[in-house]
Structures are given as C-alpha cells and as structure tokens.
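Listed here are the chains, written in short residue letters.
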Amino acid sequence: MNAPAGTAKPPAVQLKTRKPTGIVPWPLLLIEGEEGAGKTYSAAQFSSSDRIGQMYWIDLDEGSADEYAAIEGANYLIIEHDGTYRDILEQVEAVHAEARRAAAAGEPPVVLTIDSGSALWRMLTNWTYERGRRTRKNRALLQEDPDAAFDIGRNLWNDATERWNRIIYLLRTLPGIAIVLARGKQVSATDDNGQPIQNKSEWKVSAQKDLGFDSSCWVRMKRNADPQVIKVRSLRMRVEKNKPLPLRDFSIEDLVFNKLGCSVESQPRIMPALVGDLVQPWLARIAGLTDKKLLEALWRAVPDPVNRLSHDEILTIRAAAEQRAAELDSPRREMGEGPLSDADKLRAAAQRKADEQDADAEQ
C-alpha cells in the first residue's frame, strides 16, 4: 500500500553486525567457600600484583579490609559507604567509571573486590522482609499475633532481585576485573516446598541464586582441600560435568592472566542492558533535572523520530516530565517549615494511598 500523501515514509531498518574480536574478556570472579579457607586473603594478595592497576575494596559487614592490608605488598583502597544500598550502588558506579577511564588510557586493569556478596544479598533480604511486615494485610496480622508467619508478595522479592541485578550488571560489564567473595557451606537439602530431605545434603552459596550463573569463573575454597573451579566460561579451561577442576598453588593472578589468558588487550563483556522499552533511561534523566527550562526542552524533544519512541512511550515520558515540573513548582516541605497547605495535604494523602497500594500488590 502506498503511504497517504504528506506522510513521511519510516526509515528502513538496517542490519547491524560486527566481526567477533576473539579477545578474552575481563572476568567476574566468584570466590566462595568456608570461613577461614583463604577467600579474603587471596583477594588481598592479588592487590600486590604488578599486572593490575588500582584495586578498590568494598567491605560489606565483613570487617576484614583494614587487617588484610598488612599482607606483604597489599595495595588496595577501601571504599567508604554509609551502609545503604544507594550509596553502595553509587560507589560501584564510580569504580565502573574509573575503570572505563583507565582502560581508555591504556592503563593496567582496575580491580573491584566486594566482600561479600553474601552480606549484600542478606541486606536486600532483610529489606524485603521489613517491607513485607509493613503491608496493610501483614500489619493487621502481626497486631493480632506478633510471631505469626506472614507472606511476602513476589513483587517485593522482584524489587530486591532488581537491585541486586543492577550491581551485578555493573560488575559483569566492568572494564577491569571484578571479584565477589561469598560464603558457602554444606547444608541440608530441601525439596521444592522448602522442606528438608532426610539424610541428604547439598552445597549452598549464601547469595542471590543466580550469582554462580552470572559469574564467568566460579572458585570454591575449603579449609582442608585445594581450591576448585566449579564453572568457567573460557576456551582455555574446561570443567567436566560434576568434576570440579582442582587448582594447586592457587592465586588469582595465575588464574586470571595465565589460565584464563587475560591481558592488557582484554575488554569488558559487550552486553547492552536488556530493557522492555526505552522509557526507563528517560525517567532517570527526568528525575535528576532541577531546571524547568531543561524539562520543557526535554518535553518538546521527546517525539523526535531519532529517539525511536512509540506513541505510548512518548506519553509516559511527557507525563513524567510534567509531574517533575509540578514537583519543582511545589517542592516538598521539610520539618520546621510551617504547616502544609491544603494542596500539600491532598498530594501527600494521594501519595500515601499509592504507596499502600504498591505495598499490598502481589504478583
């Protein structure tokens, strides 16, 4: 069919391809195992390598970072944070940016060590349980019986997993070496309903369940055995099914540069973030704007065909820009600024209602 007169023809979609590089990417290392097996020691020792650049260390409820600096040659910087998810995420983003700068300058790779992934997931789990307690249904239940078991909506667990994945994505695409330490131990096996299976045990990593899958190399350490490679994504190393590969005289330097074959030519894994639509980056941009003129310019620019936005996406983004402009016109009052106006009270009541509906929603 011919397009109506005066209607612009949509541009033809062009095939986008490239040749594979064959370059070994920088790894996301998962090093998990028993307490006292040497996980933290191996990471601190790696910081002394002359084949890496600056190592940054995020200590999450482990408390070992200062002490392990006494290892001969250890050279890492401890990242300070206030314990909140937002601050931790922002610091990981800052390291990601620094690693990108170092890679562009041809410098040795930046290394980021997180000690531990177990503590990070435990924080998100506690956050999920606290949110579950605050739902209207569970508040009523716990008022009658403070020790009652309560259900947590899947939407709350999805929020925790989304927060976890935001950090994991930054680690997987880091233009350098990412190391996640985690606790692992033998536990009683459970069935699909979470009930223990008699006389059967299994090894469990204390972290979000997909951490092993997301890592490019998974090492397990036990106190009375050589470290083992449980999984590796590499053409240079092979782990047979149900036959972990033992590593004698283990060091992270040897694993990364000799066994995996990484070098100064390595690059991060090329993995664009998968999103269901193009809205989210626009919403994040809008939330950070504090100038109404910039919001108005964004509002006008949204329909530009170069943005490749659908009609519904344009409406969503424009509505968010309008809401943000309204917030700038009537900023929230802080304590001590006097009584709220009637409009403020109505807006606050509507927000509380929306928050309650979100908290009670279950998928």
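Before going into details, it helps to say that this report is about the structure given with it. (Residues numbered from 1 in each chain as written. Predicted model: local features only at pLDDT ≥ 70, side-chain atom pairs only at ≥ 80, totals over all residues. Heavy atoms only, no water.)

### Here's the deal with the environment of Leu211
To be explicit about the condition: We count a stretch as a helix when DSSP gives it H or I for four or more residues in a row; a strand needs E for two or more, and each element gets its number in order from the N terminus. Contacts between residues were defined by any pair of non-hydrogen atoms, one from each residue, lying within 4.5 Å.
Here Leu211 is to be found in helix 7 (residues 211-214). Taking the C-alpha atoms as reference points, Leu211 and Ile168, separated by 43 residues in sequence, lie 8.3 Å from one another. Setting aside residues up to four positions removed in sequence, Leu211 forms contacts with Leu30, Trp164, Ile168 and Val180.

### Side note on unusual backbone geometry
Heads up, the rule is: The classification of residues rests on relative accessible area computed with a 1.4 Å probe and restricted to protein chains. Under 20% of the type maximum is buried, over 50% is exposed, and intermediate values are partly exposed.
Cis geometry is adopted by the peptide bond preceding Ser116, which originates at Asp115 and carries an omega value of 15 degrees. Within the secondary structure layout, Ser116 lies in the loop between strand 4 (111-115) and helix 4 (117-133). Of note, the phi angle at Asp61 is positive, near 65 degrees, even though the residue is not glycine. Of note, Asp61 is situated in the loop between strand 2 (55-59) and helix 2 (65-68). A relative accessible area of 61% means that Asp61 is categorised as exposed.

### Quick look at the environment of Leu328
The residue Leu328 is located in helix 11 (residues 311-329) in this model. For Leu328, a relative accessible area of 26% corresponds to the partly exposed category. Between the C-alpha atoms of Leu328 and Asp291, which are 37 residues apart in sequence, the distance is 8.1 Å. Once residues lying within four places of it in the same chain are set aside, the contact partners of Leu328 are Leu289, Thr290, Asp291, Lys292 and Leu295.

### A look at empty space enclosed by the protein
To find the voids left in a structure, one rolls a probe of water-molecule size over its atoms. As a reminder, the rule being used: Only protein atoms enter the calculation, which uses a 1 Å grid: trapped sets of points that fit a 1.4 Å probe without letting it out are cavities, open sets showing protein on both sides within 12 Å along at least five of seven lines are pockets, and any residue with an atom within 4 Å of a point is a lining residue. Grid points are joined across faces, edges and corners, and a volume is the space filled by probe spheres set on the points. Here the nonpolar group is Ala, Val, Leu, Ile, Met, Phe, Trp, Tyr, Cys and Pro; Asp, Glu, Lys and Arg are the charged ones; every other residue, Gly included, is treated as polar.
Taken as a whole and assessed by the stated rule, the structure comprises 1 cavity of 30 Å³ or more. Taken as a whole, the largest cavity holds about 30 Å³ of empty space. Around the largest cavity, the lining residues are Leu247, Arg248, Phe250, Ser251, Asp254, Leu255 and Lys259. Residue composition of the lining of the largest cavity, grouped by class: 3 nonpolar, 1 polar and 3 charged.

### A word on the packing of aromatic side chains
Definition in use: The criterion for an aromatic pair is that two Phe, Tyr or Trp rings (for Trp, the six-membered ring) have centres within 6.5 Å, with stacked assigned to planes under 30 degrees apart, edge-to-face to planes over 60 apart and tilted to the rest. Throughout this description, the term charge over a ring refers to an Arg CZ or Lys NZ atom that lies within 6 Å of the ring centre and within 35 degrees of the ring normal.
Evaluation of the coordinates by the stated rule reveals 4 aromatic pairs. Measuring from ring centre to ring centre gives 5.7 Å for Tyr129 and Trp157, while their planes differ by 90 degrees; the resulting arrangement is edge-to-face. With Tyr129 in helix 4 and Trp157 in helix 6 (residues 154-172), this residue pair connects regions lying 28 residues apart in the sequence. We classify Tyr129 as partly exposed; its relative accessible area is 40%. Take Trp157: its relative accessible area is 27%, and that puts it in the partly exposed class. The ring of Trp127 carries Arg163 above its face, with NZ or CZ at 4.2 Å from the centroid.

### Points about the environment of Trp26
Looking at the element boundaries, Trp26 is found in the segment before strand 1 (28-33). Taking relative accessible area as the criterion, Trp26 reaches 5% and is therefore assigned buried.

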